[in-house]
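Here's the letter readout for the chains.
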Amino acid sequence: MNQQALIPDGRVRIWPRFRLSGSRAINAAPWMDALSRNEPVGNCRCGAHLWPGQPYTPIGANRQWYPATCKPPAGCGHQLAAAGPAPTRRRKSR
């Protein structure tokens, strides 16, 4: 697997292919592909890889969240979740 350029998120970096272009939102198709292949999705602040988790929708939320974990023993155990795309807004009828 070739490592791509990284997008900084503070000290945590999610690789660009896992994001929608022009957005910070996660692209579901490559994320789910990485999850099924057990491949990393970025780098943690400690330098180890971030591993994807199963997306979930919190109660009362209108978008999915995509968790990632820096797994020990190679990693620090840091966990994070990034939002998927926002739902489209409905226009009010006049």
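Residues numbered from 1 in each chain as written. Predicted model: local features only at pLDDT ≥ 70, side-chain atom pairs only at ≥ 80, totals over all residues. Heavy atoms only, no water.

A.B. asks: So, the nonpolar core: which residues are in play, and what are the values?
C.D. replies: One finds Phe-18, Ile-26, Trp-31, Val-41 and Leu-50 to be the most contacted residues of the largest nonpolar core, which totals 14 residues. Of all the secondary-structure elements, those providing two or more residues to this core are helix H1 (28-37) and strand E5 (65-69). For Val-41, the contacting residues outside a window of four places in its chain are Arg-13, Ile-14, Trp-15, Phe-18, Trp-31, Ala-34, Leu-50, Trp-51, Pro-52 and Ala-68. (Core = buried A, V, L, I, M, F, W, Y, C linked by side-chain atoms within 4.5 Å. Buried < 20%, exposed > 50% of the residue type's maximum accessible area, 1.4 Å probe, protein only. Helix = DSSP H or I, 4+ residues; strand = E, 2+ residues; numbered from the N terminus. Contact = heavy atoms within 4.5 Å.)

A.B. asks: Outline the environment of Ala-74, supporting the account with residue identities and numerical values.
C.D. replies: Locating Ala-74 in the fold gives a position in the loop between E5 and strand E6 (79-83). Residues Ala-74 and Ala-48, spaced 26 residues apart in sequence, show a C-alpha to C-alpha distance of 6.5 Å.

A.B. asks: Which residues make up the packing of aromatic side chains, and what are the values?
C.D. replies: Each aromatic ring pair is characterised by the separation of its centres together with the angle its planes make. What the rule picks out here adds up to two aromatic pairs. Centre to centre, the rings of Phe-18 and Trp-31 are 6.3 Å apart; their planes meet at 90°, and the pair counts as edge-to-face. Of the two residues, Phe-18 sits in the loop between strand E2 (12-14) and H1 while Trp-31 sits in helix H1, which places them 13 residues apart along the sequence. Per residue, the accessibility class of Phe-18 equals that of Trp-31, and both read buried. Seen from their ring centres, Trp-31 and Tyr-66 are 5.7 Å apart, and the 70° between their planes marks the pair as edge-to-face. (Phe/Tyr/Trp six-rings, centres within 6.5 Å; stacked < 30°, edge-to-face > 60°.)

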